[in-house]
Amino acid sequence: MANLASFTAWIADYAEVVNDQADYLTDLDRAIGDADHGSNMKRGMAKAAELAGAEEFASIDVYLKKVGMTLVSNVGGASGPLYGTFFLRMAGALADVEEAGAAEVGAGLRAGVEGILARGKAEAGDKTMYDAWAPALEAFDSAAGSGSDLAGALGAAAEAAATGRDATQELIARKGRASYLGERSRGHLDPGATSSTMLLESAARTLT
Amino acid sequence: MKKLINDPADVVVEALRGMAAAHSDRLRVDLENRVVYRAEKIRPGKVGLVSGGGSGHEPMHGGLVGVGMLDAACAGEVFTSPVPDQMMAATKEVDGGAGVLHIVKNYTGDVMNFEMAAELAAADAGTEVQSVVVDDDVAVQDSLYTAGRRGVGTTVLLEKIVGAAAEEGRSLADCAALATKVNEGGRSMGMALTSCTVPAAGKPTFELAEDEMEMGVGIHGEPGRKRVPLAPAKEVAEMLLEPILSDLDFTGDSGAIVMLNGMGGTPLLELYLMFDEVAQILEKSGVTIARNLVGNYITSLEMAGCSVTVLRADDDLIGLWDAPVNTPGLRWGV
């Protein structure tokens, strides 16, 4: 079961990953976007990770809400509103939850991804972060449905996200700045699908 | 990377501080929110005009703040949209009771952040906000399968024209309708000879060989149509104008307002030479240049190259174009 401490560990872990991988994410974005995904995520997640040390949070949802607002306020680009909305919606789904198991985290992830869809209006196959999230949600639900605990379900979700991320390599972008490249966007991983997969891998390590 | 900077992370705020120092008579800069304002408070009853976007396109947008143009400009990180907090601060500050118009370029990040800001400003302070999304770049195929045309050069012309209308006291609805009309009548196309280097990235955004150029490049170095062999200016002018002229008819009586814009790394010598070529082609095509602008107005850091914007004019637009403007980047009639 994941409690407030697990969620703060998640954000801390992801901030570290994004910090280490900032150049890689920016390189992916340089190929098909505008070369700022890594630096933006690094800046926003560093701020989000500072929250836990700077103030006390009464509950998971209050914490996640602040994480979401911090990302909206500090990331910029499309990633700020998308990741920010993800955490804000996840917070909404986890209101009054003190200990989150697979059912609660699953509901939180689903609400978060619905927020991403509402904000970004992407569909599967557009070569966006949703191409990692869609299979991840499916794998999470399927694992949880067949009796996996939270860690197991998150592990399955992270694996499915990685497969979805790899599949973006051959897609033609239809959303975001990469869409301007048309056919030339083929052959590159989507940066958003890559950072989303990292977020799920972090979750699998920490939300236990 | 060879740039006059200190730390890549501080580029935007340090540049804003310099802008504030350089133009202290006309501008005030909120460094915390990274918003450039006119030095004086908004006149009650005047529609507030807020624009913004990533930094690196100077003088747009901060340099286009002033009498007859913008009231506020939000500066994002280099090539990164600003965040809703900045737009919220700007929107509240320039609400003179007549509402605020957001001028947004069509990039996913800019659109999303401005959308969030408008929602929050309405919920928070009850400010009436309308938005126009500029999407004038003919290099991009406008279809269900892209994010739509990018907002480029027409943004500058729109900010001047709608700025004059707001100054004149037109209502928010009228300013928004005018902005939509300008956007619908404007078309742009750009090209690049070299890449630019985003300070935080440290290396060029793309590679172009000595004998290549990128046609249809965006203002962040994003490619558009194709990469082709380097050609003489005359042919480049043809390649830039062909998609513009085949997209919209500019042969009306009032002619067109034409901007030949440098991307930041091309000398004026070459821009004037290009304007000569553009003027000749337009004349042959039956398009009268009613007004023009030649120079660096919407740039991409040090990228070499240029873009052409052609805007269908009528008497109202030309009158507003001629109205006085006093900004660091654009100044006449004062």
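Residues numbered from 1 in each chain as written. Chains lettered and ligands numbered in written order. Predicted model: local features only at pLDDT ≥ 70, side-chain atom pairs only at ≥ 80, totals over all residues. Heavy atoms only, no water.

Named according to an unreviewed UniProt entry, chain B is Dihydroxyacetone kinase subunit DhaK originating from Ornithinimicrobium faecis.

Chain A is annotated in an unreviewed UniProt entry as Dihydroxyacetone kinase subunit DhaL of Ornithinimicrobium faecis.

Caption draft 1: Inspection of the interface of chain B and chain A at higher detail. Contacts between the two partners involve 37 residues from chain B, matched on the other side by 31 residues from chain A. Looking only at chain B, the three residues that lose the most surface to chain A are T80(B), M112(B) and M116(B), adding up to 21% of its buried area. Along the contact surface separating chain B from chain A lie four salt bridges. Residue R119(A) pairs with E115(B) through a salt bridge whose shortest N-O separation is 3.6 Å. Applying the counting rule to chain B against chain A returns ten residue pairs in polar contact (both at pLDDT 80 or more). Counting residues per element, the ones that place at least two in the side of chain B that touches chain A are α2 (84-93) and α3 (108-125) of chain B. Sort the elements by how many residues they give to the side of chain B that touches chain A and α3(B) lands first, with eight residues. (Contact = heavy atoms within 4.5 Å. Buried area = accessible area lost by both parts, 1.4 Å probe. Salt bridge = Lys/Arg side-chain N within 4 Å of Asp/Glu carboxyl O. Polar contact = N/O pair within 3.5 Å; in protein donor to acceptor, adjacent residues only side chain to side chain. Helix = DSSP H or I, 4+ residues; strand = E, 2+ residues; numbered from the N terminus.)

Caption draft 2: Molecular detail of the state of the cysteines. All names here are of chain B. On inspection of all chains with the given rule, the structure shows zero disulfides over all chains. Unpaired in this structure, C175 has its nearest cysteine sulfur neighbour in C74, at a distance of 18 Å. No disulfide involves C196; its nearest neighbouring cysteine sulfur is the one of C306, lying 15 Å away. Assessed through its relative accessible area of 1%, C196 is described here as buried. (Disulfide = S-S within 2.5 Å. Buried < 20%, exposed > 50% of the residue type's maximum accessible area, 1.4 Å probe, protein only.)

Caption draft 3: View of the packing of helix α1 (residues 4-20) of chain A against helix α5 (residues 79-93) of chain A. Residues and elements named next belong to chain A. The geometry of α1 relative to α5 is characterised by a closest axis approach of 14 Å and an angle of 170° between their N-to-C directions. One way to sum up the angle between α1 and α5 is to call them roughly antiparallel. Two secondary-structure elements touch here, α1 through F7, W10, I11 and Y14 and α5 through Y83, F86, F87 and M90. Of the residues that constitute the contact of α1 with α5, the class distribution is eight nonpolar, no polar and no charged. (Axes fitted to C-alpha atoms, helices over the stretch in contact; angles between N-to-C directions. Parallel < 35°, antiparallel > 145°, perpendicular 65-115°, else oblique. Nonpolar A, V, L, I, M, F, W, Y, C, P; charged D, E, K, R; others polar.)

Caption draft 4: Molecular detail of the confidence of the model for chain B. Mean pLDDT for chain B: 95, with 99% of residues reaching 70 or above. Model confidence for the complex: the whole-complex pTM is 0.91, and ipTM, which rates the interface, is 0.85. (pLDDT = per-residue confidence, 0-100.)

Caption draft 5: How the structure looks around the pairing of strand β2 (residues 35-38) of chain B. Residues and elements named next belong to chain B. Pairing geometry for strand β1 (residues 27-30) and β2, over four bridges, is antiparallel. Residue pairing for β2: L27 is matched across the bridge by R38. Connecting β1 to the antiparallel partner β2 that follows it, the hairpin turn spans four residues, and R34 within it adopts a positive phi of roughly 55°. Bridging between β2 and strand β4 (residues 72-78) involves three bridges; their strand directions are antiparallel. (Pairing = 2+ DSSP bridges.)

Caption draft 6: Structural context of the sheet that holds β1(B). Residue and element names in this part refer to chain B. In space, the six strands of this open sheet follow the order β1-β2-β4-β3-β5-β6, with mixed pairing throughout. Each edge of the sheet is formed by a strand with only one pairing partner; in this case those strands are β1 and β6 (129-134). Each adjacent strand pair in this sheet contributes to an overall mean axis angle of 20°, direction not counted. Sitting on the sheet, α3 touches β3 (48-55), β5 (100-105) and β6, and the angle it makes with β5 is about 165°. Taken strand by strand, helix α5 (residues 172-185) contacts β5 and β6, and its axis lies near 5° from that of β6.

Caption draft 7: Structural context of helix α6 (residues 233-245) of chain B. Here α6(B) spans 18 Å end to end across 13 residues, near enough to the 18 Å set by a 1.5 Å rise per residue. For α6(B), the elements touching its buried residues are β7 (186-192), β8 (212-215), α7 (268-284) and β12 (305-312) of chain B. (Expected span 1.5 Å × (residues − 1).)

Caption draft 8: How the structure looks around the sheet that holds β7(B). Residue and element names in this part refer to chain B. If you walk across this open sheet you meet the six strands as β9-β8-β7-β12-β10-β11, and the pairing is mixed. In this open sheet, the two strands that pair with only one neighbour each are β9 (226-229) and β11 (289-295). Neighbouring strand axes in the sheet, compared pairwise and without regard to direction, differ in orientation by 20° on average. Pairing of β7 with β12 involves seven bridges; the strand directions are antiparallel. By the bridge assignment, R187 is partnered in β12 with V310. Here α7 sits on the sheet and contacts β10 (256-262), β11 and β12; the angle it forms with β11, its principal contact strand, is near 160°.

Caption draft 9: Structural context of the UniProt feature "domain: DhaL" (unreviewed entry) in chain A. The sites that carry the UniProt feature "domain: DhaL" (unreviewed entry) are, in the present numbering, residues 5-205 of chain A. Spanning residues 5-205 of chain A, this segment combines 71% helix with 0% strand, and its end C-alpha atoms are found 13 Å apart. (UniProt positions renumbered as here; feature names shortened; annotations may be inferred.)

Caption draft 10: Structural detail: the packing of aromatic side chains. In the structure shown here, the tally under the stated rule is six aromatic pairs over all chains. Seen in terms of ring centroids, F7(A) and W10(A) are 6.0 Å apart; in terms of plane orientation they differ by 65°. Their pairing is edge-to-face. Of this pair, F7(A) and W10(A) both sit in helix α1, three residues apart, which is roughly one turn of that helix. As far as the burial class goes, F7(A) and W10(A) line up, both buried. Ring geometry for W321(B) against W332(B): centres 5.3 Å apart, planes inclined by 50°, an arrangement best described as tilted. Here the residue W321(B) occupies a position in helix α8 (residues 315-322), and W332(B) occupies one in strand β14 (residues 331-332), the gap between them amounting to eleven residues. Residue W321(B) is classed as buried on the basis of its relative accessible area of 2%. Lying over the aromatic face of Y180(A), R150(B) brings its terminal NZ or CZ to 5.0 Å of the ring centre. (Phe/Tyr/Trp six-rings, centres within 6.5 Å; stacked < 30°, edge-to-face > 60°. Lys NZ or Arg CZ within 6 Å of the ring centre and 35° of its normal.)

Caption draft 11: Inspection of the pattern of salt bridges at higher detail. All names here are of chain B. Counted by the stated rule, this structure contains 29 salt bridges over all chains. Residue E93 is joined to R28 by a salt bridge in which the shortest nitrogen-to-oxygen separation is 3.2 Å. Separated by 65 residues along the polypeptide, E93 in helix α2 and R28 in strand β1 bring together distant segments of the chain. With relative accessibility at 26%, the residue E93 sits in the partly exposed group. One salt-bridge network, held together by shared partners, links R38, R43, K46, D71 and E167.

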